[in-house]
Amino acid sequence: MHKIKILLFATMRTRAKRSSLELEIKKDSTVAELKEILVAEIPALEASLHHTLVSIDREFAFDEDIIPENAEIALFPPVSGG
Amino acid sequence: MHKIKILLFATMRTRAKRSSLELEIKKDSTVAELKEILVAEIPALEASLHHTLVSIDREFAFDEDIIPENAEIALFPPVSGG
Amino acid sequence: MNPSLFPTIVSITEDEIDLNILLDKITLTSTGAAAIFTGMVRGETSRTGQAQGINYAPHETTYLEYEAYKPMAEEKMLQVAKEIREKWGVVEGIAIVQRIGKLYPRTPTVLIACTASHRDTGVFDAARYGIDRLKEIVPVWKKEIMPDGEEWVEGEYIPKEGE
Amino acid sequence: MNPSLFPTIVSITEDEIDLNILLDKITLTSTGAAAIFTGMVRGETSRTGQAQGINYAPHETTYLEYEAYKPMAEEKMLQVAKEIREKWGVVEGIAIVQRIGKLYPRTPTVLIACTASHRDTGVFDAARYGIDRLKEIVPVWKKEIMPDGEEWVEGEYIPKEGE
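How each quantity is defined
Residues numbered from 1 in each chain as written. Chains lettered and ligands numbered in written order. Predicted model: local features only at pLDDT ≥ 70, side-chain atom pairs only at ≥ 80, totals over all residues. Heavy atoms only, no water. Helix = DSSP H or I, 4+ residues; strand = E, 2+ residues; numbered from the N terminus. Contact = heavy atoms within 4.5 Å. Areas by Shrake-Rupley, 256 points an atom, 1.4 Å probe, with all protein chains shown as cover. Lys, Arg positive; Asp, Glu negative; His and termini not counted. Charge placed at Lys NZ, Arg CZ, Asp CG, Glu CD. Buried area = accessible area lost by both parts, 1.4 Å probe. Polar contact = N/O pair within 3.5 Å; in protein donor to acceptor, adjacent residues only side chain to side chain. Nonpolar A, V, L, I, M, F, W, Y, C, P; charged D, E, K, R; others polar. Core = buried A, V, L, I, M, F, W, Y, C linked by side-chain atoms within 4.5 Å. Buried < 20%, exposed > 50% of the residue type's maximum accessible area, 1.4 Å probe, protein only. pLDDT = per-residue confidence, 0-100. Salt bridge = Lys/Arg side-chain N within 4 Å of Asp/Glu carboxyl O.

A closer look at the overall build of chain A
Check the secondary structure of chain A and you find two helices and five strands. In chain A, the order of α-helices and β-strands from amino to carboxyl end is β-α-β-α-β-β-β. With the principal axes as the frame, chain A shows a C-alpha extent of 35 × 25 × 20 Å. Counting contacts in chain A only where the partners sit at least 6 residues apart, residues at least 24 apart contribute 51% of the total. Of the accessible surface of chain A, which amounts to about 3900 Å², a share of 49% is contributed by carbon and sulfur atoms. Treating the 10 positive side-chain charges of chain A as one cloud and the 14 negative ones as another, the clouds have centres 8 Å apart.

Remarks on the interface of chain D and chain B
The interface is formed by 31 residues belonging to chain D together with 24 residues belonging to chain B. Summing the contributions of chain D and of chain B, the shared interface buries around 2400 Å²; its carbon and sulfur component is 57%. Area buried by chain D at its contact with chain B is led by Tyr-69, Trp-141 and Glu-154 of chain D, which between them contribute 27% of it. At the boundary of chain D and chain B, one finds 18 residue pairs in polar contact (both at pLDDT 80 or more). Of all elements in the fold, only strand E5 (63–68), helix H2 (70–87), strand E8 (108–116), helix H3 (123–137), strand E9 (140–146) and strand E10 (149–153) of chain D reach the threshold of two or more residues within the side of chain D that touches chain B. The class makeup of the residues in the side of chain D that touches chain B is 17 nonpolar, three polar and 11 charged.

Details of the nonpolar core
Phe-76 of chain A, Phe-76 of chain B, Ile-84 of chain C together with Ile-84 and Ile-96 of chain D are the most contacted members of the largest nonpolar core, which has 93 residues in total. Ranked by size, the runner-up nonpolar core spans 26 residues in total, among them Leu-23 and Leu-111 of chain C together with Ile-26 and Ile-36 of chain D.

Notes on the confidence of the model for chain C
When pLDDT is averaged along chain C, the result is 94; 93% of the residues meet or exceed 70. Both scores are available for the predicted complex, with the pTM at 0.95 and the ipTM at 0.95.

Observations regarding the interface of chain C and chain D
Residue-level contacts link 43 residues of chain C with 42 residues of chain D. For the chain C and chain D pair, buried surface summed over both sides reaches about 3700 Å², with 52% attributable to carbon and sulfur atoms. The largest contributions to the chain C side of the interface with chain D come from Arg-106, Arg-119 and Phe-124 of chain C, which together make up 20% of the buried area. Summed over the shared surface of chain C and chain D, the number is six salt bridges. When the shortest N-O distance is used, the salt bridge between Arg-119 of chain D and Asp-132 of chain C registers 2.8 Å. Summed over the shared surface of chain C and chain D, the number is 25 residue pairs in polar contact (both at pLDDT 80 or more). Among the elements that line the side of chain C that touches chain D, the one with the most residues is strand E2 (residues 33–40) of chain C, at eight residues.

In structure tokens form, the structure reads like this:
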């Protein structure tokens, strides 16, 4: 098990009613597995997870990517800046 | 005969060593005729007359155009602003 | 001019966007042209039926509230600048600035500026590319506050691996 | 927004070009995007063999001295704005400013800015068209002062009747 920090932005933050959380995950967990853990922790996130973007250490990440130790993870909707 | 005011800009001004002059021209003179009168008055302008632009009352004018009374005429090279 | 001296400015900021200062910072002695794009908060939107997969009706906006994942956003802005330089090698200076916080109608929210020696070098296309890419990969979001409610605006672009 | 309220600013001026102020003046409540072009005095030109029919070698510029036939120039700027509005009906505000006098390298000399509700409306093309047209029909000239002499720069465009 290792600890990771998860940042939530925009819709994700609003739904989760928090802007970050820490989770313990198994070594070599994937992004897909993380999403399952996260929904168990915060059910309100489930509805938007299908179009959520994920970043690991500030790079876009995908379901099959493995989460390294001490990673900074972020979940957010498709961007809408400008 | 009527009087017109001629403004000179850029190369034309430098060559003529003046920025404006007044001339008497015959009624219904054309731009082409004006150019001849002007060269007689200021021979230094001859070299550049073939690619000189002319305006009458702030609109581009052409050799066959007739110069109205009290017109404000300008002669200048193709523009190079920006 | 040595390309390694070409300035690249990226910034997520709560401050006003100062076009004069930004333009000065990306102007070199060899620079003759700048193409600058700015986006502003629209107080009234009359266009219907398009943008980001959402059909929206004409409506009024009271203000927008922007937020950013700042460190990632600035890294992605650097990536947009890198992509611009790869596509338009003639570009000299690049500035990419996103303002965040509560922003009212008519306020500039974003700026992309590219400079080059001459205007026929693709510098307009470079700026256009920059704003398009920013709206795809730079993690910034806005919440729209309207007279009768508020709503997060969501984009539709899904970045691919390596973006 | 009533098109008759769309602002058009044209100016020949000896003053500094203030992008912030000009942008503000052409930003309406319905505006969401601005494309701005500025030209600056190049202190060093490395491009060879082109531009306005003259083959020039790489060279240095000490400064440029601009002059204008001011009343006609401002009328022709209004005409450029009118042409832009005919081609891009979506354009909201237009600013066209030419600075004249003695201008040193890195100084903005000209600005064309167009605003619209959205960026995909041709607003970039409108600004590009504006600067191209200004360099064809707006009576402004520049004398280039170099370390070893000076020379009037002449354009090559010959306006046609009605332009």
